[in-house]
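Descriptive analysis of the structure
Each chain, letter by letter, is given below.
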Amino acid sequence: MSTADWLPDGFTVQRIDTNHTRLSVAVGGSGPVLVLLHGWPQTSRAWARVMPELARNHTVVAPDLRGTGDSDRAEDGYAKTRQADDIRGVLTALGLTGPVAVAGHDIGSMVAFAWAAAHPEDVSHLILVDSLLPGLGLEEATNVAEGGMWHFAFFMSPHFPEMLFDGHELEFFTATFTAMSNPGTFSAHDLAAYAQAYTGRERLRGGFEHYRTLLADGRENLALLAERKLPMPVLAIGSTPSGTTNAQALAPHADTVQGVVAPTGHFVAEEDPGWFTKTVAAFLA
């Protein structure tokens, strides 16, 4: 076990062998299990502002995803269903049984969604925070010929992103975080910490590998959803720019979907932790 400078009181970090890799996992609190899965370019640190409140009534489990933060830089295994198996192994190692609630942001929501689709018996509640979902709109939203987002295809390319970002991590992350969040959300220390977590070609590669499986992830998601709908209640949290897009995309594929719009930019849990914890607590109750 170890601690990190951002870790809230009452939490510890463990290194856990799972699914042929090793993840760094923050754990704290007591009660029903709530798994928090971060996005790119972040680590489990993304949940620091909401972990103490959520831990009042839940055992909170917040891993660094495969290839990121203090987890190992696996060579492969970045398919979202494969990463769901990473988290299933973490829970087994911790002696925690399900079904569990899971919340994911950005890339983390793609892992959470794939987990719920592949193993619905594992998941009691599914919370998806401001993310496009492979197979349910991501492909169309990334079509640059129609004005879609350029970065997805760029990050999917092998070798080039890490070559070009190497040495420019802080510059790029500062521009990205500040453009997609309310002013003052991230301090210089926050930005430096995230940049450090992705500094160097091997750390960058670990992050970009999450994007390099997205088209295959979409095909796998659609195949899973063709077998059955998501049976657990789903909360789709959008940001001010994205609105209820995810909730609308999910509606045909889940028994119960609730869509809400946060009064924030992309980084909901960090921009307005009070709103996030209140919304999540109400949904889980």
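Presented here is an overview of the structure given in this document. Given the structure is predicted, the values throughout are model-derived calculations rather than measurements. Residue positions within a chain follow its written sequence, with the count starting from 1. In keeping with the model being predicted, local features are shown solely for residues with a pLDDT of at least 70 and side-chain atom pairs are shown and tallied solely at 80 or more, while totals for entire chains, interfaces and linings include all residues. Computation of side-chain values: all heavy atoms of the structure, hydrogens and water removed.

Note on definitions: salt bridges are taken to be side-chain nitrogens of Lys or Arg within 4 Å of carboxyl oxygens of Asp or Glu. On inspection of all chains with the given rule, the structure shows 16 salt bridges. Measuring nitrogen to oxygen at the nearest pair gives 2.9 Å for the salt bridge that ties Glu-53 to Arg-56. Arg-56 gets classed as exposed once you look at its relative accessible area, which sits at 60%. Between Arg-88 and Asp-85 there is a salt bridge, and its shortest N-O distance comes to 3.5 Å. Residue Arg-88 and its partner Asp-85 are both found in helix α2 (residues 80-94); the two are separated by three residues, about one turn of the helix. Accessible area is worked out with a 1.4 Å probe on protein chains only. A residue is then buried under 20% of its type maximum, exposed over 50%, and partly exposed in between. You can call Arg-88 partly exposed: its relative accessible area is 27%. Through salt bridges with shared partners, a single ionic network connects Glu-75, Glu-162, Glu-202, Arg-205, Glu-209 and Arg-212. Going along the chain from the N terminus, every DSSP run of H or I of four or more residues is numbered as a helix, and every run of E of two or more is numbered as a strand.

Ranked by internal contacts, the top residues of the largest apolar core, which has 58 residues, are Val-35, Phe-113, Trp-115, Leu-126 and Leu-230. In terms of residue count, helix α3 (residues 107-118) provides more of this core than any other element does, nine residues in total. Leave out the neighbours within four places in its chain, and Val-35 touches Val-61, Ile-87, Leu-91, Val-100, Ala-101, Val-102, Ala-103 and Trp-115. If you look at the next biggest cluster of nonpolar residues, it comprises 29 residues, including Leu-34, Leu-36, Val-50 and Ala-262. Residues enter a nonpolar core if they are buried and are Ala, Val, Leu, Ile, Met, Phe, Trp, Tyr or Cys, with the set joined through side-chain atoms within 4.5 Å. The contact rule is simple, with two residues in contact once any of their heavy atoms fall within 4.5 Å.

Here we come to the environment of His-105. Here His-105 shows up in strand β5 (residues 100-105). Not counting chain neighbours up to four residues away, the residues in contact with His-105 comprise Leu-37, His-38, Gly-39, Gln-42, Trp-47, Val-129, Asp-130, His-266 and Phe-267. In this structure the side chain of His-105 is engaged in a polar contact, spanning 2.9 Å, whose partner is the backbone oxygen of His-266. Polar contacts here mean pairs of N or O atoms no more than 3.5 Å apart (in protein, one a potential hydrogen donor and the other a potential acceptor; neighbouring residues in sequence count only if both atoms are side-chain atoms).

For the rest of this paragraph, the subject is the sheet that holds strand β6 (residues 123-129). On the basis of which strands lie adjacent, the open sheet formed by eight strands has the order β1-β2-β4-β3-β5-β6-β7-β8 and mixed pairing. The two strands at the open ends of the sheet, each matched to only one other strand, are β1 (11-18) and β8 (257-261). In this sheet, neighbouring strand axes are inclined to one another by 20° on average, regardless of whether the strands run parallel or antiparallel. Should DSSP find at least two bridges between two strands, the strands are taken to pair. By the bridge criterion, four bridges tie strand β3 (residues 33-37) to β5 in an arrangement that is parallel. Here, axes are lines fitted to C-alpha atoms. For helices the fit covers the stretch in contact, and angles between N-to-C directions go from 0 to 180 degrees.

Honestly, that's just the spatial picture; any functional story needs more than this.
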